[in-house]
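What follows is the residue order along each chain.
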Amino acid sequence: MASSSSNPHITLEIEEEEYPYPSHVCAPNFVTFKLSCKDEYRIWKTQTLCLLKSHAMLGFIDGTLVSPQRIVSGKEKVGDPNIHWLWTRSDSLVKGWILGSLSKETLGCVLDRLTDQQTEADCSAMDVWNELQTMYGHAVLPQLPPVVAGIFYLIFLFPRILKMLVRPFIIKRVQVHADAMELLETVCRRIKHKNDPNSFHRCYTNPIFEAIRENAYEVVHWIVPFFKNAIWSTNKDGHNIIQYAVINRSEKVYNLLYHMSDHKNIYRTIKDSSGNNLLHLAARLAPTNKLNLISGAALQIQSELQWFKEVEGFVCPLNIKQKNSFDETPQMVFTREHKELVIEGEKWMKATAESYTITAALITTIVFAAAITVPGGNNQDTGIPLFTNHTAFTIFAISDAISLFAAVTSLLMFLSILTARFAEQDFLFKLPTKLIIGLATLFISTTAMIIAFGATLYLVFGQRNSRILTPIVVLTCLPITSFVTLQFPLIIDLVSATYGRRIFGKKYVAYSKDSLERMKRPFY
């Protein structure tokens with residue numbers, strides 16, 4: 001051993017070989033950037049290891065070159081002070097290389113974390129290396145057991161398996177649709193060539209009105225061009241095809257007929273046997289089977305208002321105030337027919353707002369208390385939170401603030417709904433908009449609250465065990481996913497019904513020019 005030599009100069013030279021000191025090395029030539037985030041850690045680590053290996057300094061971070069005066073087996077190892085000085089000199093060089101390759105923010109965070117455990121002078125290069133490994137080096141999840149890995153593998157495969165199972169049914173349904181259209185075309189051709197033109201109406205009248213009732217616009221799309229007089233067909237109540245489409249809320253047929261510009265002026269002024277113009281018919285209550293397709297009484301009355309406003313813009317201005325045989329204007333008919341539905345919509349809206357008001361108030365209380373009693377407490381002298389310099393604390397503070405402001409906004413929106421007047425016209429935009437804002441801000445508030453709680457758990461339990469971050473993230477995602485699954489569809493329905501693509505086609509339904517031209521001319 002070097003320490004057994006009788007010549008101190010020989011001992012010093014041997015120890016200098018054991019603890020090299022390549023101070024002439026320019027570290028930035030090896031580590032070409034400042035480490036500032038987790039995404040850069042893998043590249044930074046590779047470059048730093050190359051630097052250390054090339055100058056035989058790797059032992060200072062992997063534990064093979066420990067301090068000569070470290071504790072060994074419970075006893076202090078006593079050695080030559082010169083040897084310890086040589087080790088400290090080389091270890092400080094390695095520590096300087098590592099610290100010099102960090103960004104200002106990362107350097108401050110590392111030093112804060114290390115000085116919480118020991119003095120800055122006692123920190124070795126290995127301590128700095130291990131701290132960086134703890135902060136940035138656990139991006140890869142631990143290897144899962146075979147059973148768990150198999151379950152995750154099946155979950156990734158699930159969409160592909162579902163697609164393979166569903167695809168044959170989709171292909172079959174598309175084929176059935178194509179066969180039905182081919183059959184319809186064949187029947188239309190035979191009727192046209194095998195029957196007297198004066199008897200055509202007996203063949204197509206019932207099918208075309210049944211297609212309108214079922215909103216099967218493609219059937220109408222085929223029948224009308226084959227039989228030019230089909231456009232004037234009437235049912236037993238004397239309603240023509242566009243009147244019947246409005247009565248049955250068949251928006252696809254309405255959109256199709258709207259493009260037949262040759263007949264628009266007639267449709268605007270035509271009346272039925274009771275003196276009802278098209279707007280009177282739009283003011284009637286929709287059939288029950290059509291209303292049941294819409295969830296919630298508030299959305300049902302909104303849909304009815306959208307139909308009324310659409311037809312109101314289509315008919316002649318004089319028809320808006322025109323009275324029928326019962327001396328009722330279209331607005332009077334709408335109010336009478338939808339009186340019960342407006343009451344149901346009010347009840348639905350209030351019940352929804354009341355339930356969400358309780359939730360928003362509870363979240364407001366929780367996050368406000370959390371903002372005052374921050375995790376870890378405050379410094380008794382300065383009042384500054386102890387975890388101020390930690391990234392997790394910053395995430396907590398921002399998430400808690402967002403949750404508080406969003407919860408208060410949501411609470412105010414739901415309270416404004418409870419105090420609204422609930423006039424029938426308010427169901428068109430005003431009330432749905434308030435409910436959309438309230439639900440959206442409640443979702444933001446709930447998500448931010450869960451994130452703040454997850455950050456608190458990490459601050460308290462994960463400082464020295466970063467592996468706890470994985471279960472925290474999983475548990476944090478669980479309530480957020482549940483909220484999205486259970487409540488987000490309602491937000492989507494509200495946004496789609498209020499501000500989304502409209503059901504009426506003038507500008508939005510895509511029919512090809514050839515199809516529209518074919519509808520305007522008789523078939524030959």
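A quick note: this is a predicted structure, and the numbers were derived from the prediction, not measured.

Focus on the overall build of the chain
Logical step 1: Across its full length, the chain carries 22 helices and two strands.
Logical step 2: Sorting the 524 residues of the chain into buried and exposed places 41% on the buried side.
Logical step 3: Across the chain, contacts joining residues at least 24 apart in sequence account for 75% of those joining residues at least 6 apart.
Logical step 4: Surface exposure of the chain reaches about 30100 Å², of which carbon and sulfur atoms provide 61%.

Side note on the packing of helix H2 (residues 41-54) against helix H6 (residues 125-136)
Logical step 1: At a minimum axis distance of 11 Å, the contact between H2 and H6 shows a crossing angle of 160°. Between H2 and H6, the interaxial angle falls into the category roughly antiparallel. The way H2 lies across H6 gives a crossing that is left-handed. For the pair H2 and H6, the contacting residues are Tyr41, Trp44, Lys45, Thr48 and Leu49 in the first and Trp129, Leu132, Gln133 and Tyr136 in the second.
Logical step 2: The residue inventory of the contact of H2 with H6, partitioned by class, reads six nonpolar, two polar and one charged.

Examining helix H8 (residues 200-213)
Logical step 1: Relative to the 20 Å expected for 14 residues at 1.5 Å per residue, H8 spans 21 Å between its end C-alpha atoms, a close match to the ideal helical length.
Logical step 2: Burial in H8 covers these residues: Phe200, Tyr204, Thr205, Ile208, Phe209, Ala211 and Ile212. Here the buried residues of H8 occupy an arc of 155° about the axis, which is enough to place them on one side. In H8, the exposed positions that point more than 90 degrees away from the buried face belong to Arg202 and Asn206.
Logical step 3: Directly beyond the C-terminal end of H8, a positive phi value near 65° is found at Asn215.

Things to note about the nonpolar core
Logical step 1: Grouped together as the largest cluster of nonpolar side chains are 77 residues, with contacts concentrated most on Ile223, Phe227 and Phe427.
Logical step 2: Considering every element that reaches this core, the biggest residue donor is helix H15 (residues 297-314), with nine residues.
Logical step 3: If sequence neighbours within four positions are ignored, Phe427 has contacts with Ala298, Ile301, Gln302, Leu305, Val342, Gly345, Glu346, Met349, Phe422 and Pro432.
Logical step 4: Core analysis: the next-biggest nonpolar cluster, separate from the first, contains 31 residues, Val31, Val94, Cys123 and Leu132 among them.

A look at the environment of Thr205
Logical step 1: Position of Thr205 relative to the elements: it lies in helix H8.
Logical step 2: In this structure Thr205 comes out as buried when scored by relative accessible area, which is 16%.
Logical step 3: Along the backbone, Thr205 and Ile223 are 18 residues apart, and their C-alpha atoms lie at a distance of 9.8 Å.
Logical step 4: Residues in contact with Thr205, not counting those within four places in the same chain, are Ser233 and Thr234.

So, the packing of aromatic side chains
Logical step 1: According to the stated counting rule, one finds 13 aromatic pairs in the structure shown.
Logical step 2: Look at Phe429 and Tyr499: their rings are 6.3 Å apart centre to centre, the planes differ by 40°, and that puts the pair in the tilted class. Within this pair, whereas Phe429 is found in the loop between helix H19 (391-418) and helix H20 (430-461), its partner Tyr499 is found in helix H21 (residues 469-499), the two being separated by 70 residues in sequence.
Logical step 3: Taken together, Tyr41, Trp44, Trp129 and Tyr136 form an aromatic cluster joined through their ring pairs.

Digging into the pattern of salt bridges
Logical step 1: Under the definition given, this model contains ten salt bridges.
Logical step 2: Arg249 is the salt-bridge partner of Glu304, the closest N and O atoms lying 3.0 Å from each other. Here Glu304, found in helix H15, pairs with Arg249, found in the loop between helix H10 (241-247) and helix H11 (251-258); they are 55 residues apart in sequence, far enough to count as distant. Of the two residues, Glu304 and Arg249, neither departs from the other in class, the shared state being buried.
Logical step 3: The closest approach of N and O atoms between Glu328 and Arg336, which form a salt bridge, is 2.9 Å.

Describing the packing of helix H9 (residues 217-226) against H11
Logical step 1: The geometry of H9 relative to H11 is characterised by a closest axis approach of 8 Å and an angle of 35° between their N-to-C directions. On H11, the residues that touch Tyr217, Val220 and His221 of H9 are Lys252, Val253 and Leu256.
Logical step 2: Its residues assigned to classes, the contact of H9 with H11 comprises four nonpolar, one polar and one charged.

Thoughts on a nonpolar patch on the surface
Logical step 1: A grouping of Ile161, Leu165, Val166, Ile170 and Val174 is seen on the molecular surface, where their side chains present a nonpolar patch of about 430 Å² in accessible area.
Logical step 2: Note on placement: Val166 falls in helix H7 (residues 146-194).
Logical step 3: Residue Val166 is classed as partly exposed on the basis of its relative accessible area, which comes to 33%.

Details of the confidence of the model for the chain
Logical step 1: Here the chain averages 79 in pLDDT, while 82% of its residues score no lower than 70.
Logical step 2: Considering only residues more than four positions removed or in separate chains, one finds that residues 1-15, a stretch of pLDDT under 50, has nine contacts.

A short note on the side chain of Thr446
Logical step 1: Note on placement: Thr446 falls in helix H20.
Logical step 2: Discounting residues that sit within four places of it in the chain, Thr446 has contacts with Ile363 and Phe483.

Some details on the environment of Asp400
Logical step 1: Locating Asp400 in the fold gives a position in helix H19.
Logical step 2: Taking the C-alpha atoms as reference points, Asp400 and Ile366, separated by 34 residues in sequence, lie 9.5 Å from one another.
Logical step 3: What Asp400 contacts, discounting residues up to four positions off in sequence, is Val367, Ala370, Ala371 and Ala452.

Calculation notes
Residues numbered from 1 in each chain as written. Predicted model: local features only at pLDDT ≥ 70, side-chain atom pairs only at ≥ 80, totals over all residues. Heavy atoms only, no water. Helix = DSSP H or I, 4+ residues; strand = E, 2+ residues; numbered from the N terminus. Buried < 20%, exposed > 50% of the residue type's maximum accessible area, 1.4 Å probe, protein only. Contact = heavy atoms within 4.5 Å. Areas by Shrake-Rupley, 256 points an atom, 1.4 Å probe, with all protein chains shown as cover. Axes fitted to C-alpha atoms, helices over the stretch in contact; angles between N-to-C directions. Parallel < 35°, antiparallel > 145°, perpendicular 65-115°, else oblique. Left-handed = near helix turned anticlockwise from the far one by under 90°. Nonpolar A, V, L, I, M, F, W, Y, C, P; charged D, E, K, R; others polar. Expected span 1.5 Å × (residues − 1). Arc of directions from axis to C-beta. Core = buried A, V, L, I, M, F, W, Y, C linked by side-chain atoms within 4.5 Å. Phe/Tyr/Trp six-rings, centres within 6.5 Å; stacked < 30°, edge-to-face > 60°. Salt bridge = Lys/Arg side-chain N within 4 Å of Asp/Glu carboxyl O. Patch = residues over 30% accessible without salt bridge, like charges linked within 9 Å, V, L, I, M, F, W, Y side chains within 5 Å. pLDDT = per-residue confidence, 0-100.

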